[in-house]
Amino acid sequence: MSVYMPTTVDQAVALLAQNPGACLLTGGTDTMVEVNFNHLKPGTVIGLRLVSSLREYTITPQLIQIGAGVPYARMETGPLAEALPALAAAARTVGSPQIRAAGTLGGNLGTCSPAGDGLPVLAALDAVVNLRSPRGIRGVPFQDFMVGVKRNSRVSDELIESVSIAPTSGYQDYAKVGVRNAMVISVASVCLVHDRHTASVRVALGAVGPTIIRAREAEAWLATQVDASTSLPPDEAVAIEFARRVAAEARPIDDHRSTADYRRHAIQTLTRRLYLRSTK
Amino acid sequence: MKNSSTTTRSQSREVLGTSALRPDGVAKTQGDFAFSSDFQAENMLWGATLRSPHPHARIVSIDPTDAWRIPGVETIIFADDVPGQATYGLIASDQPVFAQNVVRYMGEPIAAVAADHPETCRRALAAIKIVYEELPVLFDMDLAIDPSTPPIHPDGNVFRHQRIISGDPDIVGDVIVEGTYDIGMQDQAFLGLEAALAYPDPGGAGVELVVATQWLHEDRKQIADCLGMAPEKVRLVLGGVGGAFGAREDISLQVHTCLLALRTGRPVKVQYSREESFFGHVHRHPGRIHLRHHADRNGKLLKVEGWMKLDGGAYASTSSAVLLNGITHLQGPYACDNSRLEAWATRTNNPPCGAMRGFGVVQACFAHEGQMDKLAVALGLSPVEVRLRNAMKTGDKLFTGQVVDSVAPVARCIRETDAIPLPAEPAYGTGSLELPGGSGRTSDPSHIRRGIGWGVSIKNLMYSEGFDDSAEARCTLADGVATLKFATAEVGQGFVVLAQQIARTILGVDTVVLDAIDTQIGSAGSTSASRQTWMSGGAVDGACRLVRERLFEQVAHVHNLNPLQLAVEGTDIVDTLGPLRVPVSEASKGLRIEETFLHRHRPTEELDENGQGNCHVAFAFVAHRAVVDVDTELGLVKVVQIATAQDVGQVLNPLTLLGQIEGGIAQGLGLAVMEEIVVDRGVVKNPSFTDYLLPTALDAPDVVAIPIEEYEPLAPLGAKGVGEPPCISVTPAIVAAIRNATGRDITRTPVRPQDICLPT
Ligand SMILES: Cc1cc2nc3c(=O)[nH]c(=O)nc-3n(C[C@H](O)[C@H](O)[C@H](O)COP(=O)(O)OP(=O)(O)OC[C@H]3O[C@@H](n4cnc5c(N)ncnc54)[C@H](O)[C@@H]3O)c2cc1C
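Residues numbered from 1 in each chain as written. Chains lettered and ligands numbered in written order. Predicted model: local features only at pLDDT ≥ 70, side-chain atom pairs only at ≥ 80, totals over all residues.

A. Focus on the domain arrangement of chain B. Residue and element names in this part refer to chain B. Assigned domains within chain B: domain 1 (4-33 + 470-599), domain 2 (36-135 + 201-241 + 248-276) and domain 3 (287-464 + 606-757). For domain 1 and domain 3, the distance between their C-alpha centroids amounts to 35 Å. Put simply, the parts of the chain that give the side of domain 1 that touches domain 3 at least two residues each are helix 1 (4-7), helix 13 (495-507) and helix 14 (532-559). When residues in the side of domain 1 that touches domain 3 are grouped by element, the largest group, six residues, is from helix 14. In terms of residue class, the side of domain 1 that touches domain 3 is made up of seven nonpolar, 13 polar and two charged. (Domains from an automatic or database assignment. Helix = DSSP H or I, 4+ residues; strand = E, 2+ residues; numbered from the N terminus. Nonpolar A, V, L, I, M, F, W, Y, C, P; charged D, E, K, R; others polar.)

Written as structure tokens, this is what we have:
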């Protein structure tokens, strides 16, 4: 097994081009589990830990850009948490302190599990995934990036460099149900983002379909009921109907972690609660 | 622990009654302790096991040709390569070392390989070609009991059928309550995975095995039988054990490792992964229990009737003993004369089940405590009152006819638990990590309902039904230093510190050396059944007393005194009738006194066909009160506080006692709200810690514990076993608290979110 430790994105991209099929490694918190279970036997590994630019983020009034190698621990508190409270909440639900110190959005996107906790936030925020290859940079909206269970539209010589997010103005939050009070894989999760600028309320659902689901029909319905360019009304009836419509867009299944019925119920409950929280 | 008089380390010498620190504590906390997986040998090979992917299949053919061709593969062994007995088992020898023609559960071993590297082993296993013909999977207990179902094993589909009939089984109460209860399959989930290292003797004349186990001598017997060797040719040494909880009572990798070493003439190490561990050891029996309780108008229990079914899975393990424990504890810690009970332990193609902390009593308690709450409601009594009115006392007779002559402070356990202050009302903000849902931040305080529930239990101590599980220990005193030798498996419970405390107390020495724990002395019995403090503690105590007698004789001889007037006071020998005072270190200078003691508990009997007989040795009792917060809409639970008062006899080490209480409560909490091996038609769905959920720090409740200290005259040190009771009635207490918070009649454990919040 060969291991490369590039220090710049250019080096990393060049190495990836020279070693088709090489395994990119950031926090390793997904990859090492795969290796441990013998599902993955990497021949060549490109470790991204030393690529410092991947571990940086920038926040301007126009754009928030988060490097693919920023660990969750740095999203939980500080400027990123202030700018993106939903991302902070999602980061806090990931694993244990050790996992949050190592795990990254780049890895979450690379794996693209429907239960990945960073992904509903990226979906609700209409984030753009920036892919770097010898051909340059390609920005892919999140909804086009994730295409199935653990499948994405990254081509093999592309490196996930960062995600770009347009700042929003309004409440945003993330809530996740698991059968344990910490360190648990999501059974159902909801990210809700209210943005006064675009007069929109956006909702994305985790672990209830093959991809992260944006509840676009429910969002459109809500737009006919409330004026999202200002504070949302604390209207219980609206919240209930909105939640019902959001849950109808989920596509959950039965498995050993939970049942489809419970997952849909959880989505409905979390959506109603997040909507009402947003009005407080 | 609230009872501060027993927690303070008031004495400077670490004798009995103090929170003496464990000799292995520093090494364990600093990561220096060698667990069995840490052992290495020069020229060592690695071993690995090939397991069935099917729960029930005929093995049509096995072709290892490609595996033999892989460089580095030293040997591959199958059923035909087992030189001795082809099967093993703790009670019935029905489990094949390697499956021959048929596999009866998912994960059953078929072959083992030894090679130069774990990766070579893995490749070799993948290269062995096996053709299976899948057979119908027997996964249902009722079908297993049905005599028209074809047997999946020559010994049949029922491991044991037992009934108990006592008093007037036809009596009818004024108040009758009825319920059916389901218990899921729990895993012991010890952290130190199975690991062993075998060294073959020259010429293959014998073998030494370093292994993490609960019972060295029983392992040795079964290994020797399978190897076709005399037991003396098989020497076992205890490797560092990282938890056991019953899962190391059965043979797992022992025979395979020895066979590979003898075959290759080289040391061989086998070590399971977490996934393999789920298939490599037995689990707690899942079960279904139906009970009908009769009481008079005053709430006095008149009769318990019903049935219990426990699924033992593919092989016998300890199923028959677990069933005995289960049915004899369906009574709970309550006085009652009349019963009509029936129980079955079934054989199916589910994973084999056997010993786990609580051993059949966990299942029984979940049912009888659910019933006591139903009685309370039917009678208009509080859960505390209905239990107090029926609390068992010393001298009461069990359904089996056995008289409880142990100390039995059941009412006191309940009262003292009840007197523990309740936790403050919830005072947290939205999204607090302390709310149900924890870090998922699902709940706001307005969604939470608080509930309180009770559980009280009785647990037998030691082995039952005529089994003589004796324990041996040796004490050597020389130059003021005591050396202890025993085969007691230290699995984390702290016997090593208890043994030192006993020797310090009896002999007045400060330095107590512990010899290697191995088979170079007689059996200590298993580290299970809450028995080692009583049994091995009794053996160490006995050996130390014999040594002390001989020391007194020496001193008495020198000083021309009667040895009977000598006593140990601190670290001195004193004449109780005169001025003589000699330090033990001085009195034992130049001497070497060695004594061995065999401790036995009193004999017990088997049950007759009506379930009558003095089958148990002694009993311990405990009460638990659970306070939970429930998000009733999402079905999420946070256990806020567990209050407990436990009947412990004499407290020998408050710190290790608290360790057992807190750990047991965490394990019982796991069974209440999250721990379950999900099995679908014999197929295990969650063999990893990703999906088999154990409680985290955020799930652990506040524990307020009070030891009920009443000296137990039956016990050598006045102390009862304390290992199992903490995990038994805490599960029903938590589930009762969830019922209390939600108003739902929840009848299965673990309680899943959908059981709380979706229509049934
Ligand atoms: C105990 C434990 C608990 C966990 N809990 C959670 C949880 O609660 N929620 C959750 O969402 N996840 C959880 N995970 C999964 C994991 O931590 C996350 O998915 C994390 O985001 C992965 O990031 P990483 O940097 O460690 O990824 P890595 O393991 O380094 O990589 C994951 C995948 O992404 C690819 N990759 C990595 N970086 C790049 C890049 N720059 N460009 C292209 N591809 C890349 C890798 O090749 C690999 O395929 C848990 C994992 C463990 C072990």
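On we go from here.
B. Spotlight on the sheet that holds strand 26 (residues 618-631) of chain B. Residues and elements named next belong to chain B. Read across the open sheet, the four strands follow the order 18-26-27-30; overall the sheet is mixed. Each edge of the sheet is formed by a strand with only one pairing partner; in this case those strands are strand 18 (448-461) and strand 30 (702-708). Pairwise comparison of adjacent strand axes, ignoring direction, gives a mean angle of 15° for this sheet. Looking at chain direction, strand 27 (residues 636-647) and strand 30 are connected through seven bridges and run parallel. Its bridge partner lying in strand 30, Gln 646 is registered against Pro 707. Packing of helix 12 (residues 410-418) onto the sheet brings it into contact with strand 18, strand 26, strand 27 and strand 30, and relative to strand 26 it is tilted by some 25°. Where helix 18 (residues 730-742) meets the sheet, its contacts fall on strand 18, strand 26 and strand 27, and the angle it forms with strand 18 comes to roughly 155°. (Pairing = 2+ DSSP bridges. Axes fitted to C-alpha atoms, helices over the stretch in contact; angles between N-to-C directions. Contact = placed C-beta atoms within 7 Å.)

C. The pairing of strand 7 (residues 136-141) of chain A, seen in detail. All names here are of chain A. Of the strand pairs in this sheet, strand 6 (residues 128-133) and strand 7 are connected by six bridges, and their pairing is antiparallel. Bridged to Arg 132 within strand 7 is Ile 137. Hairpin connection between strand 6 and strand 7: a loop of two residues separates the two successive antiparallel strands.

D. Structural detail: unusual backbone geometry. That bond from Thr 749 of chain B to Pro 750 of chain B is cis: its omega, 0°, falls within 30 degrees of zero. Note on placement: Pro 750 of chain B falls in the loop between strand 31 (748-749) and helix 19 (753-757). Even without being a glycine, Asp 126 of chain A presents a positive backbone phi close to 55°. Secondary-structure assignment places Asp 126 of chain A in the loop between helix 8 (118-124) and strand 6. The residue Arg 441 of chain B is not glycine, and still its phi comes out positive at about 50°. Position of Arg 441 of chain B among the secondary structure elements: in the loop between helix 12 and strand 18.

E. Representation of the site of the ligand. Residue and element names in this part refer to chain A. In the vicinity of the ligand lie 29 residues, with Gly 27, Thr 29, Gly 95, Gly 107 and Gly 110 positioned nearest. Those elements that provide at least two residues to the shell around the ligand are strand 2 (23-25), helix 2 (31-36), helix 6 (97-102), helix 7 (105-111) and strand 10 (159-165). Tallying contributions element by element places helix 7 first for the shell around the ligand, with five residues. Residues that form the shell around the ligand fall into these classes: twelve nonpolar, 15 polar and two charged. (Near = placed C-beta within 6 Å.)

F. Spotlight on the environment of Lys 459 of chain B. Here Lys 459 of chain B is to be found in strand 18. Along the backbone, Lys 459 of chain B and Pro 725 of chain B are 266 residues apart, and their C-alpha atoms lie at a distance of 6.5 Å.

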